[in-house]
Amino acid sequence: MDNSDKFLQMAHAMNSLREPIFRSAFQAMDLPAGSRGLDAGCSIGLQSLLLAEAVAPGGHITGLDLSAKFLDYAADMVKQAGLSAVSYTHLRAHETLTP
């Protein structure tokens, strides 16, 4: 098992503790339906899924991360969840956000 596999296991284990906090924070933001957002450093995309729920219907979240392996995992989770409002890009945030 390599370090990225260990991180995947740890992220899922910690998610049960963190998800309620993130869900409450996103609800408190009162994001309008149809909003678009960026999840820079999205890792395996757990918060991207919650953000997508917060901006539904009609919204879209784009996740960015350095790890192609994590993004592949995140894309699989989106597919399993049946969502189309989340996409992932393998880029560094400063490469995307710099004019």
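We now turn to the structure provided with this report. Since this is a predicted model, take the numbers as computed values, not measurements. (Residues numbered from 1 in each chain as written. Predicted model: local features only at pLDDT ≥ 70, side-chain atom pairs only at ≥ 80, totals over all residues. Heavy atoms only, no water.)

### Describing the pattern of salt bridges
Enumeration over the complete set of coordinates arrives at three salt bridges. Put simply, lysine 69 and aspartate 5 hold a salt bridge, and the shortest N to O gap is 2.9 Å. In this pair, lysine 69 sits in helix 3 (residues 68-81) while aspartate 5 sits in helix 1 (residues 3-29), placing the two residues 64 residues apart along the sequence. A residue is classified by how much of its surface remains accessible, and lysine 69, at 38% relative accessible area, is partly exposed. Here glutamate 53 ties to arginine 23 by a salt bridge, and the two come within 2.6 Å at their closest N and O atoms. A residue pair is termed long-range when its members are at least 10 positions apart, and glutamate 53 in helix 2 (residues 46-54) and arginine 23 in helix 1 qualify at 30 residues. Relative accessible area serves as the criterion here: at 46%, glutamate 53 is assigned to the partly exposed category. Overall, the relative accessible area of 29% leaves arginine 23 in the partly exposed class. By sharing partners, the salt bridges in this structure join Glu19, Arg23 and Glu53 into a single network. (Salt bridge = Lys/Arg side-chain N within 4 Å of Asp/Glu carboxyl O. Helix = DSSP H or I, 4+ residues; strand = E, 2+ residues; numbered from the N terminus. Buried < 20%, exposed > 50% of the residue type's maximum accessible area, 1.4 Å probe, protein only.)

### Some points on the pairing of strand 2 (residues 60-65)
Counting buried residues in strand 2 gives five out of six residues, a clear majority hidden from the surface. As paired elements, strand 1 (residues 36-40) and strand 2 share five bridges and run parallel to each other. In the sheet register, glycine 37 faces strand 2, and the bridge partner there is isoleucine 61. Each parallel crossover has a hand, and the one from strand 1 via helix 2 to strand 2 is right-handed. The pairing of strand 2 with strand 3 (residues 86-90) spans five bridges and is classified as parallel. Note on strand 3: the bridge partner recorded for threonine 62 is serine 87. For the crossover from strand 2 across helix 3 to strand 3, the handedness is right-handed. (Pairing = 2+ DSSP bridges. Right-handed = clockwise from strand over helix to strand, strands pointing away.)

### Observations concerning the packing of helix 1 against helix 2
Relative orientation of the contacting elements helix 1 and helix 2 amounts to 30 degrees, with a least axis distance of 10 Å. Classified by the angle their axes make, helix 1 and helix 2 are roughly parallel. For the pair helix 1 and helix 2, the crossing hand works out as right-handed. Here helix 1 contributes Ala11, His12, Asn15, Arg18, Glu19, Phe22, Arg23 and Phe26 to the contact with helix 2, which in turn contributes Leu46, Gln47, Leu50, Leu51, Glu53 and Ala54. Of the residues that constitute the contact of helix 1 with helix 2, the class distribution is seven nonpolar, three polar and four charged. (Axes fitted to C-alpha atoms, helices over the stretch in contact; angles between N-to-C directions. Parallel < 35°, antiparallel > 145°, perpendicular 65-115°, else oblique. Left-handed = near helix turned anticlockwise from the far one by under 90°. Contact = heavy atoms within 4.5 Å. Nonpolar A, V, L, I, M, F, W, Y, C, P; charged D, E, K, R; others polar.)

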